[in-house]
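Summary of structural features
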Amino acid sequence: LLYSAMLKWFRPVEGEIQEMIDSDEAGCGVSELTQVSSDIVDAESALRLLSGNRALYFNLLTKFVQQNEDLADKVAASFHGGDTQTAADLIHSLKGVSGNLCLPKIHQSASVIDAALKSENLTEIDDLLSKLKAHLAEVVTAIYHLTRNA
């Protein structure tokens, strides 16, 4: 069920990464995910949700990076530009995707920011966004190294 739902929203990536996913080596890169700290990428839980489909998980993580690498900056720009609704929508989406992909630090940060925006407790929003940006950088770095080493 989760597999079919994710396929509806995520399209295969193009180029070199797609070739790696299609090759026999795709599983090698993804299996290295289990060596990444589970508070950054909880690959074991995610693979259970995806019935062990490593190529799909690798594809989804790659798309996650492509679509969310600079999300903290986009949220900050929306928030400081007075568009709190767009900031809240971006954070809410990130919270859901990071939960589905088993990215605990990002999910936790997004959840805290989502709650702060909903309660209009905005005094610490810049600090929270800085933490989110750091967590996104950790995940991006981990996934980047995995794609380079696969």
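Residues numbered from 1 in each chain as written. Predicted model: local features only at pLDDT ≥ 70, side-chain atom pairs only at ≥ 80, totals over all residues. Heavy atoms only, no water.

Among all positions of helix H6 (residues 71-80), only Leu 71, Ala 72, Val 75, Ala 76, Ser 78 and Phe 79 are buried. Buried residues of H6 fall within an arc of 165° about the axis and therefore sit on the same side. In H6, the exposed positions angled more than 90 degrees off the buried face are occupied by Ala 77 and His 80. Just past H6, the residue Gly 82 takes up positive phi, approximately 90°. (Buried < 20%, exposed > 50% of the residue type's maximum accessible area, 1.4 Å probe, protein only. Helix = DSSP H or I, 4+ residues; strand = E, 2+ residues; numbered from the N terminus. Arc of directions from axis to C-beta.)

As a further point, take unusual backbone geometry. Positive phi, close to 50°, is recorded for Ser 51, a residue that is not glycine. Structurally, Ser 51 can be placed in the loop between helix H4 (43-49) and helix H5 (54-68). One non-glycine residue, Cys 102, lies in the positive phi region at around 60°. Mapping Cys 102 onto the fold places it in the loop between helix H7 (84-100) and helix H8 (104-119). Here Cys 102 falls in the buried class, since its relative accessible area comes to 11%.

Per-residue pLDDT for the chain has a mean of 80; in total, 73% of the residues score no lower than 70. Per-element confidence in the chain ranges from a low mean pLDDT of 41 for helix H2 (residues 16-22) to a high of 96 for H7. A low-confidence stretch, residues 11-28 stays under pLDDT 50, and its non-local contacts, those more than four residues away or across chains, total 23 contacts. (pLDDT = per-residue confidence, 0-100. Contact = heavy atoms within 4.5 Å.)

Here we take up the pattern of salt bridges. For side chains bearing opposite charge, pairing can occur when the charged atoms are close. Tallied over the full model, the rule gives 5 salt bridges. Shared partners join several salt bridges into a network, and the residues in it are Lys 95, Asp 114 and Lys 118. (Salt bridge = Lys/Arg side-chain N within 4 Å of Asp/Glu carboxyl O.)

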